[in-house]
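Residues per chain are reported as follows:
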Amino acid sequence: MPLNASGLRSILFVPGDSPRKLAKAPSVPADALIVDWEDAVSEANKKKARRVTRDAIRGLAEADPAVLIRVNANRPDLVLEDCLAVLECSPDGVVIPGCESGEAVQELLRRLPGTAAVFPLLESPMGVLAAAEIAFSSERVAALMFGAEDYSAETRVMRSEGEPELAFARSSVVNAARAAGREVFDSPLMRFRDPSAVRRAAWRGRRLGFTGQAAIHPSQVPLINDVYSPSEAEIAAAEAVLERFRAHGGGVYAVEGSLEDKPAVEDALRVLARKP
């Protein structure tokens, strides 16, 4: 059954060449795991990552988190072997790093027949510019992901607290994803030892419209899950919206000096759909 990304909040990166970390990963309360064959794996260990993942995939598949694999999509010398290994592993999805066009998605899918979901990772100015093209490129695109580190390096952005300098890029990716009916996930925070910073980053992403956020360390996962889950107050407010909508028989109606209509109902339904 194709992966439904709408319920994902946290996505944890796990090095694909580490049997220990892969064995431990299912015990982390992440909604999805990205088994990384790209940046997290040294040049010498690329082949090992495929082998280790093949050995670990059964245990990962039997656990609760969805399993994605980040392949070396921009490496002609590695991508074919990666795709053959992905077909053996049968993950729930594949992450395409450095994705910059719809054609890049189509090219990878020609090597990956089946139903595995695709998560293009946009981490360059060209990727952000092509966000809509990428989001609409295939029905197998389940979500877009934003990569702040590479994007910042390439654009020479000087990031400050709260990263307002990246608001345009983040919002562009969110807008493209939503226009295509896809989900969208924010970049992980590198400062994993600062819980307050992790929480602030998660709230920033949620306010911008992201579905969830990637994580680079297990300690970040509970914080991300908490922020991207509706609070009791949000749930109560959403239930009240639906009750008022039913009482008024739909349409537009006044509530404490403000108007409430269909968009408020849609927001309420989305909140309740993510109720723990």
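We now turn to the structure provided with this report. (Residues numbered from 1 in each chain as written. Predicted model: local features only at pLDDT ≥ 70, side-chain atom pairs only at ≥ 80, totals over all residues. Heavy atoms only, no water.)

Next up on the list: the overall build of the protein chain. When helices and strands are tallied, the protein chain shows 12 helices and 10 strands. Computed over the C-alpha atoms, the radius of gyration of the protein chain is 19 Å, within 12% of the 19 Å expected from 2.2 N^0.38 for a compact globule of 276 residues. In terms of principal-axis extent, the alpha carbons of the protein chain reach across some 65 × 40 × 40 Å. A buried classification covers 49% of the 276 residues belonging to the protein chain. (Helix = DSSP H or I, 4+ residues; strand = E, 2+ residues; numbered from the N terminus. Rg over C-alpha atoms; globule rule 2.2 N^0.38 Å. Buried < 20%, exposed > 50% of the residue type's maximum accessible area, 1.4 Å probe, protein only.)

With that settled, the discussion passes to the sheet that holds strand β7 (residues 183-186). Pairing within the closed barrel is parallel, and its 8 strands lie in the order β1-β2-β3-β4-β5-β6-β7-β8. Adjacent strand axes in the sheet meet at a mean angle of 25 degrees when their direction is disregarded. Note that strand β4 (residues 93-96) and strand β5 (residues 117-122) share 4 bridges and pair parallel. Bridge pairing links Ile96 to Pro120 in β5. Each of β5, β6 (143-146) and β7 is contacted by helix α8 (residues 167-179), which is oriented at about 160 degrees to β7, the strand it contacts most. (Pairing = 2+ DSSP bridges. Axes fitted to C-alpha atoms, helices over the stretch in contact; angles between N-to-C directions. Contact = heavy atoms within 4.5 Å.)

Another aspect to go through is unusual backbone geometry. The phi dihedral of Ser90 falls on the positive side, at around 50 degrees, and the residue is not glycine. Positionally, Ser90 belongs in the loop between α3 (79-89) and β4. Relative accessible area serves as the criterion here: at 56%, Ser90 is assigned to the exposed category. One non-glycine residue with positive phi stands out, namely Glu256, at about 50 degrees. Looking at the secondary structure, you find Glu256 in the loop between β9 (253-255) and β10 (258-260).

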